[in-house]
Amino acid sequence: MLENIKKAPYATALIVLGTVVLAFVPMFVSGYIMSVFILLFANVALATAWSFFSGATRYISLATAAFFGIGIYVLAVAHVYVPIPIALAAAAGIGFLVALVIGLSTLRLRGVYFVVFTFGLTELIHQVLNWWEIKINRTVSRYIFTDISNVSIYETLLAITVVTIVGSWFVSRSRLGFALRAIGEDETVARHAGINTTLVKVICFALSASVMALVGAVLALRYPYIDASIAFNNTWSFQVLIAALLGGPGRVWGPMIGAVPLVLLSEFLAGSFPHHFSIALGLCFVVIVYFLPGGITRLVLRLYHSWHAQYMRKEAH
Amino acid sequence: MEPLLSVNKLRKAFGGLVAVRDVSFEIPQGSIMGLIGPNGSGKTTVLNLITAELSADSGSVTFQGKEILGLQSYQVCRSKIARTFQLVRVLPHMTTRENVMLGRMFGSDPTTPTEAEHEADVLLKRVGMAGRADLFASQLTYIDQKRIELARALATRPQLLLLDEWLAGLNPTELRIGIDLISQIRREGITIVMIEHVMEAIRALCDRCVVLNAGEKIAEGTAQSVLSDPEVMHAYLGVDDAAA
Amino acid sequence: MILFEVFLNGLLLGGMYGLIALGLNLQYGVARILNLSYGEFFVGGAFTAFFTIMLWQFNPMLSLFISMPIAFAASWLIYQVLMMPLIRRAPDQDALDADVVLVTFGLFFVFQGLALVYWSGDLRGYSFLARPVHIFGATIAMNRLLAFSGACLIALTLFGVLRYTRFGAALRAITIDPVAASLVGIDVRKYSAIAFAVGGALAASAGMLVSTFISFSATDGVVYTLKALIVVIMAGVGRVTGTLAAGLLLGVVESLGGYLIDPALTIAINFGLFMLILLIRPTGLFTRA
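Residues numbered from 1 in each chain as written. Chains lettered and ligands numbered in written order. Predicted model: local features only at pLDDT ≥ 70, side-chain atom pairs only at ≥ 80, totals over all residues.

(A) Representation of the overall build of chain A in the model. Of the regular secondary structure elements, chain A holds 15 helices and two strands. A globule of 317 residues ought to have a C-alpha radius of gyration of about 20 Å, and chain A, at 20 Å, matches this closely. C-alpha extents for chain A along the principal axes are approximately 80 × 50 × 45 Å. Sequence-distant contacts in chain A: of pairs separated by 6 or more residues, those separated by 24 or more amount to 79%. (Helix = DSSP H or I, 4+ residues; strand = E, 2+ residues; numbered from the N terminus. Rg over C-alpha atoms; globule rule 2.2 N^0.38 Å. Contact = placed C-beta atoms within 7 Å.)

Below is the structure:
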């Protein structure tokens with residue numbers, strides 16, 4: 001681990017500095033700004049978690065909203081019986097287990113089965129939970145009673161986001177990260193080189209899902225009331241996808257960059273015009289896939305490399 | 001002495017088409033065996049069955065005395081069997097060095113990325129790719145991609161190396177270099193199976209040959225005897241042309 | 001006797017599912033585009049029928065003359081403008097699937113968003129030929145029977161075209177091997193575009209037929225896309241008869257499951273069947289392995 005830090009001293013300093021600065025922000029800003037930051041952290045964490053698995057392996061998961069919703073739901077149910085930290089851990093754990101089951105069923109097969117399954121997962125869980133609530137509890141809504149302050153939520157999400165990004169970074173430089181990338185490049189080659197591709201895929205998918213569930217659980221603390229329709233909203237899957245693709249799924253800091261304009265746009269539109277927001281997102285999306293296949297990071301890197309090459313040529317003269 | 005690889009009545013059918021029909025052969029340790037035959041005779045399918053890319057309908061394959069049919073591809077690799085592909089497969093958006101590191105990191109003797117990096121450089125030098133370790137694999141020529149595919153296979157530290165038309169498409173100089181490289185690999189103790197159409201290489205390298213046609217073994221023996229076998233000539237050239 | 005009715009209703013519903021899946025089969029099997037916005041065309045067909053009968057008081061079946069051409073044209077445009085660039089730049093089918101999935105997921109949001117803006121998320125339904133019919137002692141709604149007949153007619157026409165016309169032979173060739181097809185002189189791009197467009201039209205027609213006996217809303221697209229995907233994957237991409245059989249199977253299982261377990265769990269039942277097939281025969285029920 002120390003070896004990795006030595007390799008990238010600037011990045012490490014930046015991360016530490018950034019985290020400290022952000023940790024003190026709540027003291028200086030209004031509640032509204034803090035909410036925007038909270039949303040930003042959530043999107044960054046989700047997008048990074050998504051990119052961790054789907055960005056590397058190219059198995060596109062459309063199920064972010066499903067795991068996010070599971071997190072919200074587990075918290076809503078569990079917080080009545082156990083302390084909040086345990087409820088959060090339970091959310092992450094259940095997200096992990098559900099992803100494990102899905103992964104073991106679909107990741108042994110071609111990517112298209114996985115995509116189709118994740119496409120329907122949010123609807124599936126939504127319907128099942130709705131049925132369960134009506135049947136067993138005779139009510140669709142759940143109330144969340146906590147006195148956790150917004151500041152605590154802010155700091156918790158900041159911590160989760162930083163850990164997710166740093167963790168993602170460490171993995172990308174490790175054997176596991178290498179294996180993930182190889183799977184994304186050519187899975188047959190990866191298999192024949194000795195990688196247990198199914199195991200790697202399933203574990204990484206489950207890890208990313210548990211982060212998504214954890215984020216959902218933390219955000220749930222802000223809602224006084226939830227029901228299955230609020231918890232399971234496909235828009236989350238979509239937003240996270242855009243953030244990751246816009247920023248560039250190839251680099252650890254890509255999703256972070258992509259999330260910023262997205263959160264700003266959503267603040268501007270989502271509240272007043274939710275459907276128009278969807279349409280705008282959809283169009284953005286199509287544009288990104290066409291013109292920015294590697295996201296902003298690839299564009300930036302390309303510009304940087306060409307600038308660098310020009311600079312070197314000038315130096316040579 | 002027990003053969004390193006023993007294939008017994010291997011069979012694979014795709015619907016009505018029998019691609020490999022009860023093929024059997026043995027490969028002694030340290031030898032080079034040529035697997036030859038006209039296109040579509042099932043040679044690559046045999047390789048795919050051994051490396052678990054496909055599952056066999058029936059038959060058995062024993063390696064170092066242990067049955068390997070039923071293992072998964074990654075397990076076959078870890079059991080020290082490596083292969084190259086007929087249409088070269090590299091990881092396009094990773095560097096040449098990283099492509100080779102892959103084999104060392106996860107092969108039969110797994111290790112850390114740093115260790116793998118060192119050894120990758122050694123192997124790249126061996127296949128003549130030393131100066132191009134930092135290029136992306138997609139930027140390489142087809143021949144160079146073949147070279148790093150071989151380096152990657154060697155990086156997994158195999159005892160058995162399966163080459164699928166690795167010498168195809170080489171000019172005479174490259175062919176000489178390629179043949180020397182394969183000889184070198186055998187001298188290190190690695191057993192080799194080569195699917196080839198380049199007869200010069202077969203004659204130069206192979207101790208024994210097995211000839212397949214339409215999924216069946218039709219001849220086995222030394223390169224010399226097999227290549228002058230009339231039935232083999234019929235298979236390659238068709239009865240009329242072979243008679244000429 | 002009730003069980004028999006449930007079974008029969010399942011068959012009739014299954015016919016619908018088979019029809020929906022046929023359209024997706026054309027889009028994925030021929031044009032090789034996994035269209036996640038497919039269900040939105042279904043919704044479009046349903047709403048067109050709804051407005052036809054509620055606003056203009058015409059027979060909803062006439063709406064097919066509006067919705068099918070629109071769906072055809074829109075799908076054709078989507079293929080030529082949005083899908084062709086992706087097809088050109090993708091190195092293999094898996095990479096194409098990844099790009100296509102992302103873009104059509106985006107389209108799904110655009111279409112659903114538009115539907116919600118203009119038509120709202122309210123549940124819609126109308127009454128059309130809701131008279132009972134007695135078959136073999138069971139009581140069925142006439143609209144279901146009519147819808148099923150409509151689906152059969154369309155499916156048979158499609159089957160006939162594929163089997164007995166040159167156009168159909170070209171489509172089948174492209175499904176098996178597009179490269180080989182182009183080598184024998186088939187204009188793969190043109191035919192794929194038409195197949196994709198026909199797929200969209202079929203989705204709209206299925207939407208119209210189903211709207212006669214099931215209520216729907218602007219957010220239903222996902223559910224029907226899923227059903228189509230499940231049927232196509234169960235059947236194995238390509239064959240008309242297999243797709244219809246798988247559709248019938250899904251309909252019957254859903255109907256029986258809904259009756260025996262709970263009608264509010266249809267998606268769960270769909271997924272249950274889907275997972276079962278994935279575990280047992282991932283290449284499809286009716287493909288020659």
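(B) Summary view of the overall build of chain B. Secondary structure assignment for chain B yields ten helices and ten strands. For chain B, the C-alpha radius of gyration of 18 Å lies close to 18 Å, the compact-globule estimate for 244 residues. Projecting the C-alpha coordinates of chain B onto the three principal axes gives extents of approximately 55 × 40 × 40 Å. Buried residues in chain B amount to 46% of all 244 residues. Here the analysis covers contacts within chain B between residues at least 6 apart in sequence; of these, 66% occur between residues at least 24 apart. (Buried ≥ 20, exposed ≤ 12 C-beta atoms within 10 Å, placed from the backbone.)

(C) Inspection of the interface of chain C and chain A at higher detail. Contacts between the two partners involve 36 residues from chain C, matched on the other side by 30 residues from chain A. Counting only elements with at least two residues in the side of chain C that touches chain A, the list comes to helix H3 (64-89), helix H4 (93-119), helix H9 (221-235) and helix H11 (266-280) of chain C. Of the residues assigned to the side of chain C that touches chain A, the class counts are 29 nonpolar, three polar and four charged. (Nonpolar A, V, L, I, M, F, W, Y, C, P; charged D, E, K, R; others polar.)

(D) The domain arrangement of chain B, seen in detail. Residue and element names in this part refer to chain B. Considered domain by domain, chain B is made up of domain 1 (5-80 + 159-243) and domain 2 (91-157). Each of domain 1 and domain 2 has a C-alpha centre, and the two are 25 Å apart. The interface is formed by nine residues belonging to domain 1 together with nine residues belonging to domain 2. Secondary structure elements with two or more residues in the side of domain 1 that touches domain 2: helix H2 (73-78) and helix H6 (172-187). (Domains from an automatic or database assignment.)

(E) Up close: the packing of helix H6 (residues 166-176) of chain C against helix H8 (residues 188-211) of chain C. Residues and elements named next belong to chain C. Look at H6 against H8: their axes get within 10 Å of each other, and the N-to-C directions meet at 100 degrees. The angle between H6 and H8 falls in the class roughly perpendicular. Contact residues: Ala170, Leu171 and Ile174 in H6; Val188, Tyr191, Ser192 and Ala195 in H8. A class-by-class count of the residues in the contact of H6 with H8 yields six nonpolar, one polar and no charged. (Axes fitted to C-alpha atoms, helices over the stretch in contact; angles between N-to-C directions. Parallel < 35°, antiparallel > 145°, perpendicular 65-115°, else oblique.)

(F) Spatial organisation of the sheet that holds strand S5 (residues 66-67) of chain B. All names here are of chain B. Spatial strand order, S2-S1-S4-S5: four strands in an open sheet with antiparallel pairing. Across the chains shown, the open sheet's two edge strands, defined by having one partner strand only, are strand S2 (17-27) and S5. Here strand S1 (residues 5-14) pairs with S2 via seven bridges, running antiparallel. When the bridges of S2 are listed, valine 7 appears paired with phenylalanine 25. (Pairing = 2+ DSSP bridges.)

(G) Structural context of the environment of C:Leu77. Within the secondary structure, C:Leu77 is located in helix H3. As for C:Leu77 and C:Ser205, which are separated by 128 residues in sequence, their C-alpha atoms are 19 Å apart.

(H) Geometry of the pairing of strand S3 (residues 32-36) of chain B. Residues and elements named next belong to chain B. Of all five residues making up S3, five are buried, and the element is well covered by its neighbours. Of the two faces of S3, the one holding Ile32, Gly34 and Ile36 and the one holding Met33 and Leu35 are both buried throughout. Relative to strand S8 (residues 191-195), S3 runs parallel, the two sharing four bridges. Along S8, the bridge assignment pairs methionine 33 with valine 193.

(I) Geometry of the nonpolar core. Counting 274 residues, the largest nonpolar core has A:Ala91, A:Ala213, A:Val215 and A:Ala217 as the members making the most contacts within it. Per element, the largest residue contribution to this core is 16 residues, and it comes from helix H10 (residues 197-220) of chain A. Three or more residues apiece are contributed to this core by two domains, here domain 1 (5-80 + 159-243) and domain 2 (91-157) of chain B. (Core = buried A, V, L, I, M, F, W, Y, C linked by C-beta atoms within 7 Å.)

(J) Main features of the packing of helix H4 (residues 113-126) of chain B against helix H5 (residues 142-155) of chain B. Residues and elements named next belong to chain B. Contact geometry for H4 and H5: axes closest at 9 Å, N-to-C directions at 130 degrees. Comparing their axes, H5 and H4 come out oblique. The two elements H4 and H5 meet at a crossing, and its hand is right-handed. Where H4 approaches H5, its residues Glu119, Ala120, Leu123 and Leu124 are matched on the opposing element by Ala151, Leu154 and Ala155. A class-by-class count of the residues in the contact of H4 with H5 yields six nonpolar, no polar and one charged. (Left-handed = near helix turned anticlockwise from the far one by under 90°.)

(K) Expanded view of the sheet that holds strand S10 (residues 216-221) of chain B. Residue and element names in this part refer to chain B. Pairing within the open sheet is mixed, and its six strands lie in the order S6-S7-S8-S3-S9-S10. Among the strands making up the open sheet, the edge pair consists of strand S6 (81-83) and S10. Recorded for the sheet is a direction-independent mean angle of 20 degrees between the axes of neighbouring strands. Where S6 meets strand S7 (residues 160-164), three bridges bridge the pair, whose relative direction is parallel. Considered in S7, the bridge of arginine 83 is made with leucine 162. Of the strands in this sheet, strand S9 (208-213) and S10 touch helix H9 (residues 230-237), which is tilted by about 130 degrees from S10.

(L) Summary view of unusual backbone geometry. Residues and elements named next belong to chain C. The backbone of serine 120 sits at a positive phi, close to 60 degrees, despite the residue not being glycine. For serine 120, the position within the fold is in the loop between H4 and strand S1 (132-135). Note on serine 120: 12 C-beta atoms within 10 Å, which makes it exposed. Positive phi, normally seen in glycine, also occurs at leucine 129, with a value near 50 degrees. Among the secondary structure elements, leucine 129 is positioned in the loop between H4 and S1.

(M) Layout of the environment of C:Asp122. Its location among the elements puts C:Asp122 in the loop between H4 and S1. Expressed as a C-alpha distance, the spacing of C:Asp122 and C:Ser217, which sit 95 residues apart in the sequence, is 5.9 Å.

(N) Looking closely at the environment of B:Arg147. All names here are of chain B. Within the secondary structure, arginine 147 sits in helix H5. Classification of arginine 147 as buried rests on a count of 27 C-beta atoms within 10 Å. Spatially, the C-alpha atom of arginine 147 lies 7.9 Å from that of glycine 128, the residues being 19 residues apart in sequence.

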